[in-house]
Every structure is written in C-alpha cells, then in structure tokens.
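# Observations on the three-dimensional arrangement
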Protein chains: 2
Amino acid sequence: MVLLNPITRGPEVKSRVAVVGVGQTKFGVHKGQALSELAAEASFSAMADARVDHSDIGFVSVGVASGSLSGQLSPAASILDAIGLVGVPCQRSEAACATGSAAIYAAYSHISSGLADTAIVIGAEIMTQVGTSSATDYLAQMTDSRWEYSLGITFPGMFALMASAHMKEFGTTEEDLALVSCKNHRNALKNEDAQFHKTVSVEDVLGSPPVAPPLKLLDCSPLSDGAAAVILASEEKARTYTDTPVWVRAIGAASSGNLLSERKHLSSIPSIRLAAMRAFQQSGLSSRDMDFAEVHDCFTIAEIIAYEELGFAERGKGAKLLRDGATEIGGDIPVNASGGLKAKGHPLGATGVGMVVELTRQLRSEVEKSRQIKDAKVGLAQNMGLTGQYSYVSIYSR
Amino acid sequence: MVLLNPITRGPEVKSRVAVVGVGQTKFGVHKGQALSELAAEASFSAMADARVDHSDIGFVSVGVASGSLSGQLSPAASILDAIGLVGVPCQRSEAACATGSAAIYAAYSHISSGLADTAIVIGAEIMTQVGTSSATDYLAQMTDSRWEYSLGITFPGMFALMASAHMKEFGTTEEDLALVSCKNHRNALKNEDAQFHKTVSVEDVLGSPPVAPPLKLLDCSPLSDGAAAVILASEEKARTYTDTPVWVRAIGAASSGNLLSERKHLSSIPSIRLAAMRAFQQSGLSSRDMDFAEVHDCFTIAEIIAYEELGFAERGKGAKLLRDGATEIGGDIPVNASGGLKAKGHPLGATGVGMVVELTRQLRSEVEKSRQIKDAKVGLAQNMGLTGQYSYVSIYSR
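Below is a short write-up of the structure. Please read these numbers as outputs of a predicted model, since none were measured by experiment.

The helix and strand inventory of chain A stands at 14 helices and 11 strands. Over its C-alpha atoms, taken along the principal directions, chain A stretches across nearly 55 × 45 × 40 Å. Taking the contacts inside chain A whose residues are at least 6 apart along the sequence as the reference set, 80% of them involve residues at least 24 apart.

So this is what it looks like as structure tokens:
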C-alpha cells in the first residue's frame, strides 16, 4: 500500500498494553433502556470475549459524554453497580464526542503505570430519550457558554462553516460530501451493530432536508443510544487471556483553542494532525503503514478533513481520494468499514470505544466477509470532541 | 504519635511522582465569574509556585463534577483555552464529589506510565450561580435516577439516615456532630482561602434550621465556587523544579454499590476503609504514621465515620476521638486544619485538589502559624463521591 503524505517516522515504542476482549450493543434507538443496562450488555460481552473473571479487573474506566442526556449526572457509579464490579476503582472520563477515547486513554495510562494489569473501558450514551430538540440543546451546551452557545450556534452550524470554507478553498462539492454518506451507509449494510441498514444515493443526500447549508440531514450523524466495551491488559497478563492480542501501538492526544471563531483556517483541524504526529512518532509508523482506519465523520465534511490531517491525502485533496475510491473497502486505505458515525451511529461516549471494537474485530478477521479488510495488520482510529478541541489518534496492530 | 487501630503494613512502594506546585482561589461565592476564570487563577498560581513553563506541561487533567452547575457541559476545553495550554492533551475526570481526586489519579497514572513527565491537575466548580434549589436538584441527579432521585431523596437526606444509624448504634449525639462543625469553623478562621471566617458554637449548630433531622444547616457543607490546581512531576523532573518536592506516596481508590438502600450498614462507609487499606499497602505506612489528615466532611457525620474507616478510631469510637480533642490542631491526629468542606467550602471538583494544596502547604510549613501542624512529615487526604460510591485515600510526604 502506498499512500500520500507520510507524516513522520519516530522511534519504535514497545507495545505494552493489549486489547484482549471487546463487546458492543447495537447502536440505534433503545427505548426504555437505562444507560447502565446498555453498558452492562456491552461489558458482559467484552468480558466473555476475553474470558476474564470479574476478580481480575483492577480499574473501571467509564466514558459517558453527557449525564444530562440520560438524567444520570454521575453515571459511572450506576454502571459499575450494574456490571457487578463493586469495590474496584472506578471513574468517568469526558471529552465531549471523544469521551470514549478519553476513557481508553485513562485505562491505558493506568495499565502502563502498573497500577492495574487489567482494566475495562465502557463507553455508553443514551441520546434519544429526551427528544431531539433537548438533545441538540444539551450538545450545544458543550460549546463555549459565553461566546458560542449563548449566541445560538450549534454543531451542524459549525461544521457547515467548515464545509463552506473547504468548498471555497479547494473546490470540494456538495456531491463530494454526499459520497461520504453513500460509502458509509453502504458499509453499514453488513454491520449488524449499525443503526442504519439502507443504501443512500447521492441524490438522496442532496435531496434530504437542509440542516445547516451546505449540510443536509444525510450529511449528519444521528442521535444514537449504545454502548461499547474493551478489556485492556498488560503484555504479561494479555498472554494469559488470549493467543490473539491486539496491541495498542500508540495513542496520540492533542487539543485546540476553544473558539471556532479564533481559528486561523476553518478548512482544517490542526489538533487531528498533531495527535496523528504524536501517534506516528510513538509507534514508529506512518500513515503509509495503515491498512485501514475508522475516522470521526460526525458530519461528512469531517471525514474529508480527517483524510488530509491524517496524511492519507494532501491538503485540499481529500475529496479526490474519496472520488478515486481509495477509501472504499478494497481500496488503498479503507475508511469507516463499520459505517462510521454516519451510519453505524454516534452514541457519544460509545463512539471512540466502538472504533476500537471495530479495529479489534478487523485485526482478528472476525467481521462479516464483505466488510473484512484483507490481511489487516495495522489500523488507525481517529476520534474528536467538539470541533477538534479534543483529538485522539490511536494505532492498533495484530 | 500513637493512634488506634493501625490497619495494615504492606511493602514499601518507591515514590515516583511528586507535587511541585500548588495554587488555589478563595473558596466562596464568586459572582459573575466564569468557571474557566477561576480555573485559570488557580492554575497560574500553581505554575508560578512550581516555576514551571507552559511548554513543560504534557497533560492537563481537569476535574469538574457537574457541567450543569456552570452551564458548560464539556468544561475542560474552555479551561484549557483560558490557561493557554492549547495543543496539550486534555481531558476531564468525574467522580461526583471526589472529582478532584479522580483528576489527580488520572494525572498520577499518566506520569507513572511515562506518557508525560509533568502534568497540571485543575479542579474547579461554580455552584452558586444557578440558585440553591437548582443546585440541590443537580446534585440529587447524581444519585441513581431510577431508585433514588425519582423518589425524592437528596444528599442531606442520605447523610441524615447515616447519622441516625450511627447515633442509634453507637450512642453518637447531636452535640458530637456539632463539635465537628465547631472545630472546622475554628480552623478556618486563619485560612484566608476559606469560605467562612466565623466562630460557631455547639448552641449555634443545634439551633440552626433543620435540613434533614438530625442534620441542621450548620452540619452541612455549603454551596461554593472555587478552584484548586496542583502540578505533578516525575521524580527526575521534580528535582529540576524544587528542593522541597512533596511525594505522592500512594493513592488508594475504591468503590461501592450504587444504592444506599442496599447497604448492609448505614453507620459505616466500607469503600473508605478499602481505599485506605490500599493506600497503606502501597505506601507501607499505617494510620499510626499519619501526622494529620484532611477528610471529606460534606456533612458532620461523614467526618466521624471517616475517623473510624481510616483507623484513627475504632468502629463506633469516632465521636470519642473528637471529644478527646485528638483531632484538634495540636492533638494526636489533627483533622481538617484547613476548615474542611464544612468551613473552607466544597466546590465539588476543587475539593479533592484543594486537599492536596493544603497537605502540600502543611508539609512545606507554609501555612499560617496557628494552623501549622508541627513537624508534619506525612499527611492523608480522604475524598469521596456520593455516599462513598467513589472513594480515594491518598498519602503525601515530605
């Protein structure tokens, strides 16, 4: 595989933490279910996958982005109780839509430090039970309360500004944005955990109701309920659980200023690039070495920008990469074979953890044949919060 | 110093992480100030104390318990921006009223793992800007949404049940509870960062308005705004900043089931004991070795139970320890020389971080003379979330 714009090559860092088990609920609408019930379903599935005993787990890392959405303002305690890990140290991490990755990062550092040798990461969110307008409002309250939320901007509006800038600067078109949606919906068809199972055409996307021009409804990821769980273990411990550990090769994290209005360019998200550089440096790998990726397509434009920031395409050439089919399953660098946030769904806290569930299953060759990346050895996950205020790029390998 | 009931002695763990700088705002009512402004004030003070450059900091660990209280649902991004650490990995930890300790734990594991060698922990909360009844409601939403919040119980009610059980089982009296308040208000008189600076008598406490019998207003910690910050560094790095590092000897963390109604006894909080045992084991120290402690007196009964769970007194003998004056400044084991949550104030996310500010200043002999613990070498901080669902006991030494 030869890709554009390899960013860097740093010293190889020895893998010390592995994924030994993964689990996930279906993403979608779970009427009447509590957050802790979804979290427990994903957790038990991950624990069964790892064949790990309750008594082995030394740290519980919970990722829930918004207590307001579920009416449970300190959600970790109820999740811990539901999975029966009472006594074990437990805390919640939050980084808006990158909350799942923040929870993984907390568990990763916990194991790297030797404080525990096995940890469970549980990402979960309930988003459909408060109604769409309340949900949109709670999400908007994650932006700056004085200079953004109070002036009325919401996330679709912010990403619409970014899409407009990218279109103006690089000639990206509404059809290009639509192609992201079409690809990801197509990929989701064979992912049974995905929220949507229907083909979407370019015409469907272009003809769907405008949300924040140029973004239409089918450019936007949905409100979703769901949970995902991952068991991490130290190298020594991992060998006792499984013959097919998936190694955490690197987690690069970065941040950006809080106000979109203060950003130099609206057509790029520098924190993604910074997180990617850190991940490539830590792992000694480059974007060239990635066999596939799951990226944060909260809105279609975000996937195109991600191609560019991750070094899969040169700046301004993201749409071309897509049009050339390179990011299709079977292409040079398949992106969002799971269906992505757009079609798999985007239960905030579960999203980053769910990316690692997908990477692990791909690297273990366990996904449905038509979605399976052939001979996948190394995969990348890119997850961000807000408009890139929190960025995580992580690399996993067989 | 000879104390009751030393719990355990484990293998000595080598100190690897140190506190190299601390800062804190006044706790109290900060009208019109944003969360990020308070956080920045504490952070700059800690950075100046450590003489650390912005460029040295590799991880920003934010502790804010409730975004709802400040109307900023993903508060870390605005705090990061306000302190000018854009680019640096940043995430929020949450564990209800133990949020500050959760944020310290995240930074501690981050440095122990080698992912960063210097980190800043910022705990902050705005609680007085939404009005008392909204604040009480947001706090109650941290309890179980189905079996507690929806049935109308709030935290004063829960701790009132615990106080009643302790009184019935061990003969603890309302006067004993009042003595906690009197001691902590007395200690706060000379702490300029404290919310309250007034003497309170047993009669004042007993005569204050009932909140949830047997607890009265002066048995309860207040709503507070405030922020605290701590700079942590690896051993090697710490030596470059300061000749007087304060070592993190251990952080013991534990959890409990989520429902108070399912607890075997209401007169004890087992997760405190479990966290303490872990901290003593990690440090190779026992409760006997502690020169002083800051404990989580969200309600007066909680301080008495803490004495017992930490091994400062035998079960049921907490009130006697207090009556004997052992927990006064100058006593065998001074507790809450800062004024504690009761009188220093309890801005949720700042509380656990503020305890470490106090411990550090005590261990560096920097506090006002009448509050200074003589020849303090080792101190303990006990911080919990909800009714002990999240528990942290940490030990710091010169």
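With that out of the way, let us pick up the interface of chain A and chain B. Taken together, the 49 residues of chain A in the interface contact 49 residues of chain B. Looking at the side of chain A that touches chain B, the elements with two or more residues in it are helix H3 (76-83), strand S3 (90-94), helix H4 (99-112) and strand S8 (246-255) of chain A. Counting residues per element, the side of chain A that touches chain B draws most heavily on H4(A), which supplies 6 residues. Its residues assigned to classes, the side of chain A that touches chain B shows 22 nonpolar, 22 polar and 5 charged. Bridging between S3(A) and strand S3 (residues 90-94) of chain B involves 3 bridges; their strand directions are antiparallel. Among the inter-strand pairings, A:Glu94 is bridged to a residue of S3(B), identified as B:Arg92.

This part covers helix H11 (residues 300-309) of chain B. Residues and elements named next belong to chain B. Extensive coverage of H11 is indicated by the burial of 10 of its 10 residues. For H11, the full list of buried residues reads Thr300, Ile301, Ala302, Glu303, Ile304, Ile305, Ala306, Tyr307, Glu308 and Glu309. Glycine 311 occupies a position one or two residues after H11 and carries a positive phi of about 85°.

As a further point, take the packing of helix H7 (residues 174-188) of chain B against H11(B). Residues and elements named next belong to chain B. Following both chains from N to C, one finds H7 and H11 inclined at 95°, their axes separated by 8 Å at the closest point. Classified by the angle between their axes, H7 and H11 sit roughly perpendicular to one another. Across from Asp176, Leu177, Val180 and Ser181 in H7, the residues of H11 making contact are Thr300, Ile301, Glu303 and Ile304.

Looking now at the relation of the copies chain A and chain B. Between chain A and chain B, which share one sequence, the superposing operator has a rotation angle of 180° and an axial displacement of 0.0 Å; the RMSD is 0.0 Å. Taken together, the turn and the small shift mark the pair as related by a two-fold rotation axis. For chain A, the residue whose C-alpha comes nearest the rotation axis is A:Ser113, separated from it by 1.9 Å.

Now for helix H3 (residues 76-83) of chain B. Every α-helical turn comprises 3.6 residues, leaving residues that sit three or four positions apart pointing alike. Counting buried positions along H3(B) gives 8 out of 8 residues, so the element sits mostly inside the fold. The complete set of buried residues in H3(B) reads B:Ala76, B:Ala77, B:Ser78, B:Ile79, B:Leu80, B:Asp81, B:Ala82 and B:Ile83. At its buried positions, H3(B) is contacted by S8 and strand S11 (390-397) of chain A together with helix H1 (35-50), strand S2 (59-63), S3 and strand S4 (118-125) of chain B. One or two steps after H3(B), the chain reaches B:Gly84, where phi turns positive at roughly 75°.

Below, the discussion takes up the packing of helix H4 (residues 99-112) of chain B against helix H14 (residues 348-363) of chain B. All names here are of chain B. Between H4 and H14, whose axes approach to 5 Å, the crossing angle comes to 60°. On the basis of the axis angle, H4 is oblique to H14. Contact residues: H4 offers Thr99, Gly100, Ser101, Ala103 and Ile104, while H14 offers Leu348, Gly349, Ala350, Thr351, Gly352, Val353, Gly354 and Val356. In terms of residue class, the contact of H4 with H14 is made up of 6 nonpolar, 7 polar and no charged.

A few words on the nonpolar core. A:Val230, A:Leu232 and B:Val230 are the most contacted members of the largest nonpolar core, which totals 285 residues. Those residues in contact with A:Val230, other than ones at most four positions away along the chain, are A:Val19, A:Val22, A:Ala46, A:Ile104, A:Val121, A:Val353, A:Val356 and A:Val357.

Outside of glycine, negative phi angles account for most residues, and trans bonds account for most peptide bonds. Along the chain, A:Pro213 connects to A:Pro214 via a cis peptide bond; the corresponding omega equals 10°. Within the fold, A:Pro214 resides in the loop between strand S5 (210-212) and strand S6 (215-216). Unlike most non-glycine residues, B:Ser365 shows phi in positive territory, near 55°. With respect to the helices and strands, B:Ser365 occurs in the loop between H14 and strand S10 (378-385). Within the chain, B:Leu386 stands out as a residue other than glycine whose phi angle is a positive 60°. Inspection of the secondary structure puts B:Leu386 in the loop between S10 and strand S11 (390-397).

What follows covers the environment of A:Val60. Residue and element names in this part refer to chain A. Examined against the element boundaries, valine 60 turns out to sit in strand S2 (residues 59-63). Exposure remark for valine 60: the 25 C-beta atoms within 10 Å place this residue in the buried category. For the pair formed by valine 60 and isoleucine 231, sequence separation is 171 residues and the distance between their alpha carbons is 9.7 Å. Leave out the neighbours within four places in its chain, and valine 60 touches Leu80, Leu85, Val88, Pro89, Cys90 and Ile120.

The subject of this paragraph is the environment of A:Tyr390. Mapped onto the elements, A:Tyr390 comes out in strand S11. Separated by 135 residues in the primary sequence, A:Tyr390 and A:Ser255 have C-alpha atoms spaced 4.7 Å apart. In this structure A:Tyr390 touches A:Ala95, A:Ala96, A:Ala98, A:Ala102, A:Ser255, A:Met384, A:Gly385, B:Ala77, B:Cys90 and B:Gln91, once residues within four positions along its chain are discounted.

Let us now look at the pairing of S3(B). Residue and element names in this part refer to chain B. The element S3 is largely enclosed, with a buried count of 5 among its 5 residues. Two strands pair when backbone bridges link them, and S2 and S3 are joined in this way by 4 bridges, in the parallel orientation. Residue glycine 63 lies in a different strand from S3, and its bridge partner there is serine 93.

Quick look at the environment of B:Ala313 now. With respect to the helices and strands, B:Ala313 occurs in the loop between H11 and helix H12 (318-323). Distance in space between the C-alpha atoms of B:Ala313 and B:Glu41 is 38 Å, their sequence separation being 272 residues.

The rules behind these values
Residues numbered from 1 in each chain as written. Chains lettered and ligands numbered in written order. Predicted model: local features only at pLDDT ≥ 70, side-chain atom pairs only at ≥ 80, totals over all residues. Helix = DSSP H or I, 4+ residues; strand = E, 2+ residues; numbered from the N terminus. Contact = placed C-beta atoms within 7 Å. Nonpolar A, V, L, I, M, F, W, Y, C, P; charged D, E, K, R; others polar. Pairing = 2+ DSSP bridges. Buried ≥ 20, exposed ≤ 12 C-beta atoms within 10 Å, placed from the backbone. Axes fitted to C-alpha atoms, helices over the stretch in contact; angles between N-to-C directions. Parallel < 35°, antiparallel > 145°, perpendicular 65-115°, else oblique. Least-squares fit on C-alpha atoms with pLDDT ≥ 70 in both. Core = buried A, V, L, I, M, F, W, Y, C linked by C-beta atoms within 7 Å.

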